[in-house]
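Each chain is listed here by its residues.
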Amino acid sequence: MKKETKWFEVEENETISECIDRMTEDGYQIAGRREEPIFAEVEGGPPIPVRQLIMLKGIKET
């Protein structure tokens, strides 16, 4: 039996706890976390980190 999984992105003005609450409301349980930096190029210079993209993996509760 394959479990249903879904990635939830932590929004820019949202805490990780709020995202976990949103996952729980949708019937998902946290199963993993992934982070990646978001960069911006300013005036042709080197890339500058702008923010961190955080995604939480959820598994559908049965």
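Throughout what follows, the structure given in this document is the object of discussion. Every residue gets a number counted from 1 within its own chain, in the order that chain's sequence is written. At least 70 in pLDDT is required for a residue's local features to be given in this predicted model, at least 80 for side-chain atom pairs to be given and counted, and no such filter applies to totals for whole chains, interfaces and linings, which use all residues. Each side-chain value is worked out from all heavy atoms of the structure, with water and hydrogens disregarded.

Our next topic: the sheet that holds strand S2 (residues 28–41). Two strands are said to pair when DSSP picks up at least two bridges between them. Strands here are runs of E lasting at least two residues and helices are runs of H or I lasting at least four, both read from the DSSP assignment and numbered beginning at the N terminus. Across the sheet, three strands lie side by side as S1-S3-S2; this open sheet has antiparallel pairing. For this open sheet the edge positions go to strand S1 (5–9) and S2, each flanked by a neighbour on one side alone. Neighbour-to-neighbour, the strand axes of the sheet open up by a mean angle of 25°, direction not taken into account. Where S2 meets strand S3 (residues 47–60), 13 bridges bridge the pair, whose relative direction is antiparallel. Following the sheet pairing, Gly32 is matched in S3 by Lys57. The contact rule is simple, with two residues in contact once any of their heavy atoms fall within 4.5 Å. Angles run from 0 to 180 degrees between N-to-C directions of axes, and those axes are lines fitted to C-alpha atoms, restricted for helices to the stretch in contact. The sheet contacts of helix H1 (residues 16–25) involve S1, S2 and S3, and relative to S3 the element is tilted by about 30°.

The subject of this paragraph is the nonpolar core. Residues belong to a common nonpolar core when they are buried Ala, Val, Leu, Ile, Met, Phe, Trp, Tyr or Cys residues joined through side-chain atoms within 4.5 Å. Per-residue accessibility, obtained with a 1.4 Å probe over protein chains only, is compared with the maximum for each type, and a residue is labelled buried under 20%, exposed over 50%, and partly exposed between these values. The biggest cluster of nonpolar side chains holds seven residues, and these are Phe8, Val10, Cys19, Met23, Tyr28, Ile54 and Leu56. Listing elements by their share of this core, those giving two or more residues are H1 and S3. Sequence-distant contacts of Ile54, that is, excluding residues within four places in its chain, are made with Phe8, Glu9, Val10, Ile16, Arg33, Arg34 and Glu35.

Let us look at unusual backbone geometry. Its identity is not glycine, yet Glu43 carries a phi of approximately 50°, on the positive side. Considering the arrangement of structural elements, one finds Glu43 in the loop between S2 and S3.

Turning our eyes to something else, we now look at a negative patch on the surface. Patch membership requires over 30% relative accessible area and the absence of a salt bridge. Like charges are linked within 9 Å, and nonpolar side chains (Val, Leu, Ile, Met, Phe, Trp, Tyr) within 5 Å. Under the convention used here, a 1.4 Å probe and the Shrake-Rupley method define accessible areas, while residue burial counts only the protein chains that appear. Here a salt bridge means any side-chain nitrogen of Lys or Arg lying within 4 Å of a carboxyl oxygen belonging to Asp or Glu. Charged-residue counts in this description rest on Lys and Arg as positive and Asp and Glu as negative, His and the chain ends being excluded. By convention, the charge on Lys lies at NZ, on Arg at CZ, on Asp at CG and on Glu at CD. On the surface, Glu18, Asp21, Glu25 and Asp26 cluster together to form a negatively charged patch. With respect to the secondary-structure elements, Glu25 resides in helix H1. You can call Glu25 exposed: its relative accessible area is 70%.

The subject of this paragraph is the packing of aromatic side chains. Note on aromatic contacts: the rings of Phe and Tyr and the six-membered ring of Trp form a pair at centre separations within 6.5 Å, being stacked when their planes are under 30 degrees apart, edge-to-face when over 60 apart, and tilted otherwise. Scanning all chains against the criterion turns up one aromatic pair. Pairing Phe8 with Tyr28 gives two aromatic rings, centres 5.3 Å apart and planes at 70°, and the pair type is edge-to-face. Of this pair, Phe8 sits in strand S1 while Tyr28 sits in strand S2, and the two are 20 residues apart along the sequence. We classify Phe8 as buried; its relative accessible area is 3%. Over the aromatic face of Trp7 sits the side chain of Arg34, whose NZ or CZ is 4.1 Å from the ring centroid. By definition here, charges over rings are those cases where NZ of Lys or CZ of Arg is within 6 Å of the ring centre and within 35 degrees of the ring normal.

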